[in-house]
Amino acid sequence: MTKETGRPKDDATRVVSAGRRKEWTGGIVNPPVWRASTILYDSVAELRERVSDTHHRLFYGRRGTPTQWALADALTELEPGAEGTFLYCSGVAALAAALLSVLSPGDELLLVDTAYDPTRSMANGLLKRMGITTRFYDPMIGAGIADLIGDKTRAILMESPGSLTFEVQDIPAIVAAAKARGVTTLLDNTWATPLLFPAIAHGIDLSVLACTKYVVGHSDVMLGSVTAAPGHFGRLRDTSLQLGQVASPDDCWLGSRGLRTMAIRLKQHEASALTIARWLQEQPEVAAVLHPALPDCPGHDFFVRDFKGASGLFSFTLAGGNEAARAALIDGLELFGIGYSWGGFESLALPVDPMRYRSVTRRDDDGPMVRLQIGLEHVDDLIADLSAGLARFRTAASTR
């Protein structure tokens, strides 16, 4: 909120102004890079006094410097109602710390069946070894999740839209069921970011971002964050510090730099992706387009109700064909790189096989699936590239 007008700041304004406290910037537009391990004190008395409260105070490099605090502060400001944010060296590290802050041996986690594969691996690996049980649930369960909450259920981890297939969950209904039973809610909000889905305002307790994606925006940094609702930050911070988690100040500086343009980048990602998604719907080689903003995507009504917009990641299934035909489509693309991750300025195409990562839900697709990250290239050039790719697919599929 601005001091003079009392008008709430728009999202585009907040991503530019958040986290830029004068005591951290020292008159420089972007907070400089503070690199540190040892912090020196003027006296033993000062050293002992500083131990009592290290939040936003120089203590030891692992506790952060103004470079890290500036990005964390900015991400907190983007989540109305949040208490604080902790930063991590990757999105997966952020997920691990968030889960370990709320789960103990003997507890149960409810995890959406459409979750990011590393999240599933963590549940089936690290958490299982710790004696924590995971039950997977259908992303479209909504209020019905109340029937799955048992005496040992301590947390529900959502990802909406779902990884690879983009189902949108009824998050308010799940949150209501969780709160009624005292269960902590977590959300992997990387696809939407707080700009498109303010998770804390929707009742989520811990909102996780792979800042590697849209926050950084340039495919050159690994970074993660967890933003906590009131009452949850203290345990998150304590757990993270005990795990020795720290994000590099250089990476945080790049994260802050990327954040300043995230709002305008997301608008372009959304516009181009929707144009391409609608074009793909009209192509005979395409059986279905999985984009939350399209009416036939599962959970579209929840998307319209809860989200402020869409990002640039979606999938489509091909009409028939096989692995070789899908590879012919992707391998010849000139403007789409072939690689993991997303959220950067460049477009990406990736072959995906969602049934390899499902436990309780099934899909019966007509053909192979391709996930697209739509970058900042001109949309007409991307469509031309995809058109040539679909022609290669058609030829390969007809000569098998």
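Residues numbered from 1 in each chain as written. Predicted model: local features only at pLDDT ≥ 70, side-chain atom pairs only at ≥ 80, totals over all residues. Heavy atoms only, no water.

1. A short note on the overall build of the protein
Then, in step 1: For the protein, the helix and strand inventory stands at 14 helices and 12 strands.
Then, in step 2: Its C-alpha atoms give the protein a radius of gyration of 22 Å, near enough to 21 Å, the size a compact globule of 400 residues would have.
Then, in step 3: For the protein, the spread of C-alpha atoms along the three principal axes comes to 80 × 50 × 40 Å.
Then, in step 4: Within the protein, the fraction of its 400 residues that count as buried is 56%.
Then, in step 5: Side-chain charges of the protein comprise 40 positive and 46 negative groups, with the mean position of each set lying 6 Å from the other. (Helix = DSSP H or I, 4+ residues; strand = E, 2+ residues; numbered from the N terminus. Rg over C-alpha atoms; globule rule 2.2 N^0.38 Å. Buried < 20%, exposed > 50% of the residue type's maximum accessible area, 1.4 Å probe, protein only. Lys, Arg positive; Asp, Glu negative; His and termini not counted. Charge placed at Lys NZ, Arg CZ, Asp CG, Glu CD.)

2. Section: the pattern of salt bridges
Then, in step 1: Per the counting criterion, the structure on display carries 16 salt bridges.
Then, in step 2: The closest approach of N and O atoms between Asp250 and Arg35, which form a salt bridge, is 2.7 Å. Residue Asp250 is found in helix H10 (residues 249–259), and its partner Arg35 is found in the loop between helix H2 (22–25) and helix H3 (44–51); the two are separated by 215 residues along the sequence.
Then, in step 3: Residue classification places Asp250 among the partly exposed positions, given a relative accessible area of 28%.
Then, in step 4: By relative accessible area, which is 60% here, Arg35 ends up exposed.
Then, in step 5: Between Arg135 and Glu108 there is a salt bridge, with its nearest N and O atoms 2.9 Å apart. Note that Arg135 is positioned in strand E3 (residues 133–137) and Glu108 in strand E2 (residues 108–112), a separation of 27 residues in sequence.
Then, in step 6: Residue classification places Arg135 among the partly exposed residues on the basis of a relative accessible area of 34%.
Then, in step 7: Look at Glu108 and you get buried, because its relative accessible area is 12%. (Salt bridge = Lys/Arg side-chain N within 4 Å of Asp/Glu carboxyl O.)

3. Topic: the side chain of Thr193
Then, in step 1: For Thr193, the location among the structural elements is in helix H8 (residues 193–196).
Then, in step 2: When residues no more than four places from it in sequence are discounted, the contact partners of Thr193 are Leu209, Tyr214, Met262 and Leu266. (Contact = heavy atoms within 4.5 Å.)

4. Brief notes about the layout of surface pockets
Then, in step 1: A volume near 710 Å³ is recorded for the largest pocket.
Then, in step 2: Lining the largest pocket are 35 residues, with Tyr116, Pro118, Ser163, Tyr340 and Arg371 sitting closest to its centre.
Then, in step 3: Mapped by element, the contributors of at least two residues to the lining of the largest pocket are helix H5 (91–100), helix H6 (117–129) and strand E11 (347–352).
Then, in step 4: Partitioning the lining of the largest pocket into residue classes produces 19 nonpolar, 8 polar and 8 charged. (1 Å grid on protein atoms, 1.4 Å probe; cavity = no way out; pocket = protein on both sides within 12 Å on 5 of 7 lines; lining within 4 Å. Points joined across faces, edges and corners; volume = space filled by probe spheres on them. Nonpolar A, V, L, I, M, F, W, Y, C, P; charged D, E, K, R; others polar.)

5. With respect to unusual backbone geometry
Then, in step 1: The amide bond that connects Ser160 to the next residue, Pro161, takes the cis arrangement and shows omega of 0°.
Then, in step 2: Relative to the helices and strands, Pro161 is located in the loop between strand E4 (153–159) and helix H7 (171–180).
Then, in step 3: The residue Thr193 is not glycine, and still its phi comes out positive at about 65°.
Then, in step 4: Even without glycine at this site, Ser341 takes up a positive phi of about 75°.

6. Brief notes about the packing of H5 against helix H9 (residues 233–242)
Then, in step 1: H9 packs onto H5 with a crossing angle of 120° between their chain directions and a minimal axis gap of 9 Å. As summarised for this structure, H5 and H9 are arranged oblique, according to the angle between their axes. Handedness of the crossing formed by H5 with H9: right-handed. Side by side, H5 and H9 meet where Ala97, Ala98 and Leu100 of the first sit next to Leu236, Thr239 and Ser240 of the second.
Then, in step 2: Its residues assigned to classes, the contact of H5 with H9 comprises 4 nonpolar, 2 polar and no charged. (Axes fitted to C-alpha atoms, helices over the stretch in contact; angles between N-to-C directions. Parallel < 35°, antiparallel > 145°, perpendicular 65-115°, else oblique. Left-handed = near helix turned anticlockwise from the far one by under 90°.)

7. Section: the packing of aromatic side chains
Then, in step 1: Summed over all chains, the structure comprises 6 aromatic pairs.
Then, in step 2: Ring plane angle 75° and centroid distance 6.3 Å describe the contact between Trp191 and Phe303, whose orientation is recorded as edge-to-face. Residue Trp191 is located in the loop between strand E5 (184–188) and H8, and its partner Phe303 is located in helix H12 (residues 300–306); the two are separated by 112 residues in the primary sequence.
Then, in step 3: Consider the rings of Tyr214 and Trp342, whose centres lie 5.5 Å apart with planes at 65°: the pair is edge-to-face. A residue pair is termed long-range when its members are at least 10 positions apart, and Tyr214 in the loop between strand E6 (206–209) and strand E7 (224–228) and Trp342 in the loop between strand E10 (336–337) and E11 qualify at 128 residues.
Then, in step 4: Judged by its relative accessible area of 11%, Trp342 falls in the buried class. (Phe/Tyr/Trp six-rings, centres within 6.5 Å; stacked < 30°, edge-to-face > 60°.)

8. Let's talk about empty space enclosed by the protein
Then, in step 1: In the structure shown here, the tally under the stated rule is 1 cavity of 30 Å³ or more.
Then, in step 2: Of the voids in this model, the largest cavity is the one considered here, and its volume is about 30 Å³.
Then, in step 3: The wall of the largest cavity is formed by Leu95, Leu111, Val112, Ala115, Thr119, Leu157, Met158, Glu159 and Asp188.
Then, in step 4: Sorting the residues of the lining of the largest cavity by element identifies E2 and E4 as the ones contributing at least two each.
Then, in step 5: Sort the elements by how many residues they give to the lining of the largest cavity and E4 lands first, with 3 residues.
Then, in step 6: Its residues assigned to classes, the lining of the largest cavity comprises 6 nonpolar, 1 polar and 2 charged.

9. Let's talk about the nonpolar core
Then, in step 1: Core analysis: the largest hydrophobic core is formed by 114 residues, its most contacted members being Ile156, Ile276, Leu280 and Leu372.
Then, in step 2: At 9 residues, helix H11 (residues 262–281) tops the list of elements feeding residues into this core. (Core = buried A, V, L, I, M, F, W, Y, C linked by side-chain atoms within 4.5 Å.)

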